[in-house]
Amino acid sequence: MDDPVGEEREGVEPLSEDDYKKIQKVLETIQRKPYQYSAHVQCIDLLRRAFLTASGGKKQLLKELRDAREAMIETFPMVESLWLEWIEDEQSEAETFEERLKVMDLCTRAVTDQVASVILFKAYGDFVEAQHIYAAAGGNGSMSEDELNAFKELFPSETVVDTYRQGAEATINDIANSHLLWDKYRELVMQDLSADPTAAKIEQVYNMYADRLRVPHARIEDTWAAFSQFVTQYDNANYEKIMVTYNKIYSTAYAKNSEREIFELPLKREVESSKTPGTEEWRIWSEYLAWETSQPKKKLSERMASALYERCLLRFGEVAKVWEDYVFFLLEKGQNSMPKVISVLQRATRHCPWSGTLWAQQIVALEKGFKSFEEVSEVKHKATKTELLDLGGQGELLKVNIAWCGFLKRRAFGDDSAEEDLDMAEMGISEAVTESENGKFQDPDYRLQRILINFYTEAKKLERARTIWKELSKSKGTSYEFWLRYFSWECINGTKDAAGQLLKRAIQVKNLDWPEKILEVWSAHVEEIGSISDVEAMMVKHRRFAMNIAKRRTGEQEVLEHEQAETLAHQQAQQFTTAEPIEPTSAEQSNSKGSVKRPRSDAGDEAQPTPKKVKPESETTPAVVAPAVALVNQTPLTANQLVKRDRENTTIIVRGLPPNHPEVKVRQFFRDCGDIHSLKIIDEKDGSSATATVEFDSKESVLAAQTKDMKSIDGHVVEIQVGTGSTLYVTNFPPIADEAYIRNLFKDFGEIVDIRFPSLKYNTHRRFCYVQFSSAEAARNATSLDGKQLGEKEHLVAKISAPNQKKDRSNATADGREVYIRNIDFQAKEKDVRDIFEKYGRIEKVRLPPGPKKGTHKGYGFVVFESKESADASLETSGKMLKSRALEVSIAQVNPGKFKPGNAVDARSMSPSVGPEDQSNGARDSPQPEPSRPSFELIKKKTLGIMNLADTVNDTRLRTLFEPFGPLRKVTLRPDHQGAIVEYENVADAGKASLAMEGLDLDGMKIEIGELADLMKRKPEKKITKGFQKKQATMLLIPPSVRNAVPRGGGGGQKRRAGLGFVGAVSKKDQKDPASSGDVEMKNADGPEHKKAGRSNEDFKKMFLSSGN
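So, how was this worked out
Residues numbered from 1 in each chain as written. Predicted model: local features only at pLDDT ≥ 70, side-chain atom pairs only at ≥ 80, totals over all residues. Heavy atoms only, no water. Pairing = 2+ DSSP bridges. Helix = DSSP H or I, 4+ residues; strand = E, 2+ residues; numbered from the N terminus. Axes fitted to C-alpha atoms, helices over the stretch in contact; angles between N-to-C directions. Core = buried A, V, L, I, M, F, W, Y, C linked by side-chain atoms within 4.5 Å. Buried < 20%, exposed > 50% of the residue type's maximum accessible area, 1.4 Å probe, protein only. Contact = heavy atoms within 4.5 Å. Expected span 1.5 Å × (residues − 1). Phe/Tyr/Trp six-rings, centres within 6.5 Å; stacked < 30°, edge-to-face > 60°. Arc of directions from axis to C-beta. Polar contact = N/O pair within 3.5 Å; in protein donor to acceptor, adjacent residues only side chain to side chain.

Looking at the sheet that holds strand E2 (residues 676-683)
Part 1 of the argument: Ordered in space as E2-E3-E1-E6, the four strands form an open sheet in which the pairing is antiparallel. At either end of the open sheet lies a strand with only one pairing partner, and these are E2 and strand E6 (719-722). In this sheet, adjacent strand axes meet at a mean angle of 20 degrees when their direction is disregarded.
Part 2 of the argument: Sheet topology note: the strand E1 (residues 651-657)/strand E3 (residues 690-696) ladder contains five bridges and is antiparallel. Counted as the bridge partner of threonine 651 is glutamate 695 from E3.

Examining the nonpolar core
Part 1 of the argument: In terms of nonpolar packing, the biggest core is built from 88 residues, with Ile363, Ile429, Leu448, Trp483, Ile518 and Trp522 touching the most fellow members.
Part 2 of the argument: Not counting chain neighbours up to four residues away, the residues in contact with tryptophan 483 comprise Ser473, Gly477, Leu502, Arg505, Ala506, Val509, Leu512 and Ile518.
Part 3 of the argument: Core analysis: the second largest hydrophobic core is formed by 72 residues, Ala68, Tyr134, Ala168 and Ile202 among them.

Quick look at helix H21 (residues 419-437)
Each turn of an α-helix holds 3.6 residues, which means side chains three or four residues apart point in the same direction.
Part 1 of the argument: Between its first and last C-alpha, H21 extends 27 Å over 19 residues, near the 27 Å set by a 1.5 Å rise per residue.
Part 2 of the argument: For H21, the complete set of buried residues consists of Asp421, Ala425, Glu426, Gly428, Ile429, Ala432, Val433 and Ser436.
Part 3 of the argument: Where the residues of H21 are buried, they touch helix H20 (394-412), helix H22 (447-458) and helix H23 (462-476).
Part 4 of the argument: Taken from the residues just after H21, glycine 439 is the one with a positive phi, measuring 90 degrees.

Notes on the packing of aromatic side chains
Part 1 of the argument: Counted by the stated rule, this structure contains 47 aromatic pairs.
Part 2 of the argument: A centroid spacing of 5.3 Å and a plane angle of 40 degrees characterise the contact between phenylalanine 230 and tyrosine 234, whose relative ring orientation is tilted. Highlighted residues: phenylalanine 230 and tyrosine 234, both in helix H12 (residues 220-234), separated by four residues, approximately one helical turn.
Part 3 of the argument: On the basis of relative accessibility, which here comes to 21%, the residue tyrosine 234 falls in the partly exposed class.
Part 4 of the argument: Geometrically, the ring pair formed by tryptophan 469 and tyrosine 486 is stacked, given 5.1 Å between the ring centres and 5 degrees between the ring planes.

Considerations on the environment of alanine 432
Part 1 of the argument: Mapped onto the secondary structure, alanine 432 falls in helix H21.
Part 2 of the argument: Taking the relative accessible area as the measure of exposure, alanine 432 reaches 2% and is therefore buried.
Part 3 of the argument: For the pair alanine 432 and glutamine 449, spaced 17 residues apart in sequence, the C-alpha separation works out to 9.1 Å.
Part 4 of the argument: For alanine 432, the residues in contact, after removing those within four places along its chain, are Asn401, Cys405, Phe441 and Leu448.

Thoughts on helix H2 (residues 17-32)
Part 1 of the argument: Between its first and last C-alpha, H2 extends 23 Å over 16 residues, near the 22 Å set by a 1.5 Å rise per residue.
Part 2 of the argument: Looking only at H2, the buried set comprises Asp19, Ile23, Val26, Thr29 and Ile30. In a view along the axis of H2, the buried residues occupy a sector of 130 degrees, so they form one face of it. Across from the buried face of H2, at angles greater than 90 degrees, the exposed residues are Glu17, Lys21, Lys25, Gln31 and Arg32.

A few points about the sheet that holds strand E13 (residues 861-865)
Part 1 of the argument: Strand order in this open sheet of four strands is E12-E13-E11-E16, and the pairing throughout is antiparallel. Bordering the open sheet on either side are strand E12 (843-847) and strand E16 (888-891), each of which pairs with just one other strand. Averaged over all pairs of adjacent strands, the angle between strand axes in this sheet comes to 20 degrees, irrespective of strand direction.
Part 2 of the argument: Of the pairings in the sheet, the one linking strand E11 (residues 818-822) to E16 comprises four bridges and is antiparallel in character. If you follow tyrosine 820 over to E16, its bridge partner there is serine 890.

What to know about the pairing of strand E7 (residues 727-731)
Part 1 of the argument: Within E7, four of the five residues are buried, which leaves the element mostly enclosed by the surrounding structure.
Part 2 of the argument: Examined bridge by bridge, E7 and strand E10 (residues 797-800) share four bridges and lie antiparallel to one another. Residue pairing in the sheet places valine 730 in a bridge with alanine 798 of E10.

Notes on the environment of aspartate 162
Part 1 of the argument: Structurally, the position occupied by aspartate 162 is in helix H9 (residues 157-170).
Part 2 of the argument: Polar contacts involving the side chain of aspartate 162 include one to the side chain of arginine 165, which spans 2.6 Å.

Below you can see the structure in the form of structure tokens.
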């Protein structure tokens, strides 16, 4: 046959020697790991290149290529492009009658595997038509007469027409491409009609057009024009009547097609632009499918939605979520869809054999469809016999086993069950439990054991079930939830007394996570069934148990406070050593021992000169101190309240909420599940639904919330998914990165539900965030960016967030692997420093803090070695010359005292002091001193107070925003005043920035621009969790000896005069101001009394104009 891939051969490079070696290695890999998809694809690609570029022996190469494809298809499906290549390769070498029949069989296999592929059906039809033409031409004399007659019988014109008909019918709902088959089918039918027009054939064409015009498709206008020509030619007398009737059908389909063009046109551009689907194409498919499947019941078309899913799967067949959505759409909105669901699931598990959800759903569907035990068993065996389920995690294998064991249990107690069914169920469920206990997969919630317990309970084998409960108590005995389940089972299947004894036993478990709950249930149980003697004994024991629990909680609280204090100190030290050193401001120097006073001309933390007497910092800034006495009526803290916050395991993702759904309704929906720590709702892009992330205060609340899965909220069925493993901890990104930057960085890996940046209120140098995805799979995929270089020096850290697995922080400074280098020549570059030190060992990082101008540094730096020994050895470089200066080298020391909230980042930070021996180097590399310091009034004019600033905005982002208006002198974060200080080099630049930046939306807050005095009047931001808040008692339980010593306000007793520093100390002048009186309620700092009274925009315009700019 003619080679249909001759053009392709011209662009294919012959195999090199390395390629032949690769083939051998890949074949060995496939033999060892037959379930490695990439190895199969690579093998086929290499063998095909060898086949296409070979000058001889092509039959043998084709056989090897065929064997490789057959080996792959035993485990994995072929995508559309691989099937097409296979057909083209076989067709190019098919010469004999038998070889051509094999190509026809291959085409049949291809369209059976990819049922919605227009391209494969077109290849099938073209092949059959080519064989018909070949036979009609006498086979070019290459066949005997018998073979030729057999060939003509196999490929008559009717077979050609029927092949295109089948393809056109199978793909009729493919809006974009169905015309490729239907137009060809119509062409062949019209040729036959022209040759022999009959009434039956005319009626057939009418029916063809009626069916076609009912369906939206890209070329519907061309179809309508062709129909008009057909009516004109064959029934012109009734033209108007027929066209009016058919126009009703056409106009409806035309309107539907127009509605979908908003998706079809961009989708066509994406598909035509790349053979490999990308992120943008995925986004369009997602929005298109969401729109199509959310149509009102009267407009929803199951056929069109199914066709759309099939088209998407041709491009994203390896994405399990698409298959899952397709299946659940059919289950929810399909009519008599069980046979179709089973068919789709058979293909789905073949395309995504790592998805336990799909395998489990297939087992359920086969059971629902009354399939035989052998069929269900075969599916379970297929799912578990390979290692592919492990790719999705151990949870996937658990899903399959849960579905399988549930099937066995239900089958054992069915109406037509036999004794052997009971035995088979017991054996199968026990085997799954044993595999879980032996570590083959994890079952943290002992789901399989519970199925086995239910089986034994229903089979009246209560002692066996009780034995399982007892065994579980050894590993699950610290869970209150386990004991409540055991208790409930014993109440139903045992005796009330035995159930009560279980609770007494549970209370005495040393590390029980919620003993208060067990104590509550036990007391209620005894009061319900016990005698007066039992109740009295219970009350005595209840008191003793409660006292023990309270004692335990007090000890846990003390341990927690100690750990928190150690963690805080460790973090402060760690943050100092990992962040870039910052030169202290003059204000900070004045507070340090032995420092000089701060010059009056510097713009500092206050707008006015410092008064002579200032309250100590401990008075002006209250510290957070744990209460020494308990609150009245306060219940003992539970274990869940004592443990550290664990967002990753106490968060759920709620999908399918009504759009614009009020937050309060979501809280009401989950109010019986537990306390909600935080809640965030995001409307989906298509506007059809919303997604919420709900963080509870305990894992038990998450378990309770999961019971609401698939329940309805305002007519919308919600899907609830646990957020465990779906959150990334991300750090070491560029300082200028904001939420949009992070979202764009990770958008290709899946739907991002939330991005959380830390508050900089207590540490302005924190640079990390949490990215929460809609699934754990998306989060795992996103970790592929871990180590990615983003800037010149930043290598991204992106790991699954697991607070309970945090390791103690380690850093170069604490390990003694970092050296501090002073007196670096200002002309030296980072490479110069690296060249001097790299001979002492492997260098991880060289850091020269940047100077005031781009490309300069501050005259000092740091070198981080891989080992402490290398750092120690490098100390011998101290005194060596680098360009014109002698280096001073020492081991870097931890100095957390430098790290304070509000540290200034001075754009003109001073370099290390220059000693007398350095002054001879002249002015070529030393910063020139300023001729004179500006006046205090001038500094006030060129200093802006940035107010209403979110505490997640760092100084680098502020610098990036404000630097375009002119050179900056200083940027200082002041989260204690909900803002920042920005000082420019000149007044005009400050004026320009104020005019431009006023009202800018930054992290959800509109910033305000004013003077420094306005900023200092602001109070720190008080964050209040929205929703329902529990009021706590504020009365302290004060010992009598202390209570009697406290003077009472009003009434009897002499009032003690308060001295300076006490609340009662108010001068007469202050008393004249009603706002300062203790009897007047103070308004919020952001209220009218704190509206900025500084310069207006008119003032800044004058500043700007007066400068001559």
